[in-house]
Amino acid sequence: MFRSGGDPNFCPECGNVLPLPGLSDSVQCPRCSFCIPVAEFSGREIRSAVVFNPAEDTSLAHEEDEGSELKGPVIDRRCSRCNKEGMIYHTRQMRSADEGQTVFFTCVHCRFQEKEDS
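Keep in mind it's a predicted model, so treat the numbers as computed, not measured.

(A) Seen up close, the packing of aromatic side chains. Counting across every chain of the model gives zero aromatic pairs. Lying over the aromatic face of Phe 105, Arg 77 brings its terminal NZ or CZ to 3.8 Å of the ring centre.

Okay, here's the thing in structure tokens:
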């Protein structure tokens, strides 16, 4: 019933993901009502894998090489360390989604970093 080389995880008619075989004698596509007997899955091996994103090393997140170039938008903000004008900023969602983002500022002159919760 499956097309040659077809993936048994997907409906051959509409391409929708097929549900896993259950207690009934057939598997029915929830989108187009395509129906296939569970016996068609007999002898087929289905593999899956879970790939996790590598964990960020937070100890290196704020360290930068002295020779590396700072990138990002420059704003008129005075550095609290060197008292010069000009800082680069970027934002991150550090807390739950219903709270504001955290803004990180980096001085373009001395590379001092500060953050501000919004």
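Additional details are given in the paragraphs that follow.
(B) Representation of the nonpolar core. In this structure, Cys 11, Leu 18, Val 27, Cys 29, Phe 34, Ile 36 and Phe 41 together form the largest nonpolar core, which totals seven residues. When neighbours within four sequence positions are excluded, Cys 11 is seen to be in contact with Asn 16, Leu 18, Cys 29, Cys 32 and Phe 34.

(C) Layout of the side chain of Thr 102. Inspection of the secondary structure assignment puts Thr 102 in strand β5 (residues 102–107). Given a relative accessible area of 2%, Thr 102 falls into the buried group. Of note is the side chain of Thr 102, whose polar atom sits 3.0 Å from the side chain of Asp 117. Setting aside its immediate chain neighbours within four residues, Thr 102 contacts His 90, Thr 91, Arg 92, Met 94, Arg 95, Lys 115, Glu 116 and Asp 117.

(D) Quick look at the pattern of salt bridges. Scanning all chains against the criterion turns up four salt bridges. One salt bridge in this structure joins Glu 114 and Arg 77, with 3.0 Å as the shortest N-O distance. With Glu 114 in strand β6 (residues 113–117) and Arg 77 in strand β3 (residues 74–78), this residue pair connects regions lying 37 residues apart in the sequence. One salt bridge connects Arg 95 with Glu 99, and the closest N-O pair in it is separated by 3.4 Å. According to the relative accessible area criterion, Glu 99 is partly exposed, its value standing at 37%. Salt bridges sharing partners connect three or more residues here, namely Arg 77, Glu 114 and Glu 116.

The rules behind these values
In this numbering scheme, every chain counts its residues from 1 along its sequence in written order. Local features in a predicted model are, by the rule used here, given only for residues with pLDDT of at least 70; side-chain atom pairs are given and counted only at 80 or more, and totals for whole chains, interfaces and linings are based on all residues. In computing side-chain values, all of the structure's heavy atoms are included and hydrogens and water are not. The rule is short: rings of Phe, Tyr and Trp, with Trp giving its six-membered ring, pair when the centres are within 6.5 Å, and they are stacked under 30 degrees, edge-to-face over 60, tilted in between. Over a ring means this: the NZ of a Lys or the CZ of an Arg is within 6 Å of the ring centre and within 35 degrees of the ring normal. Put simply, a nonpolar core is a bunch of buried Ala, Val, Leu, Ile, Met, Phe, Trp, Tyr and Cys residues held in one set by side-chain atoms that sit within 4.5 Å of each other. Remark: exposure states derive from per-residue accessible area (1.4 Å probe, protein chains only) relative to the maximum for the residue type, with buried under 20%, exposed over 50%, and partly exposed in between. Whether two residues are in contact is decided by their heavy atoms: any pair within 4.5 Å suffices. Secondary structure elements follow DSSP: runs of H or I no shorter than four residues count as helices, runs of E no shorter than two count as strands, and numbering proceeds from the N terminus. Pairs of N or O atoms are called polar contacts if they sit within 3.5 Å, as long as, within protein, a hydrogen donor faces a hydrogen acceptor (for residues adjacent in sequence, only side-chain-to-side-chain pairs). Think of a salt bridge as a Lys or Arg side-chain nitrogen and an Asp or Glu carboxyl oxygen that are within 4 Å of each other.

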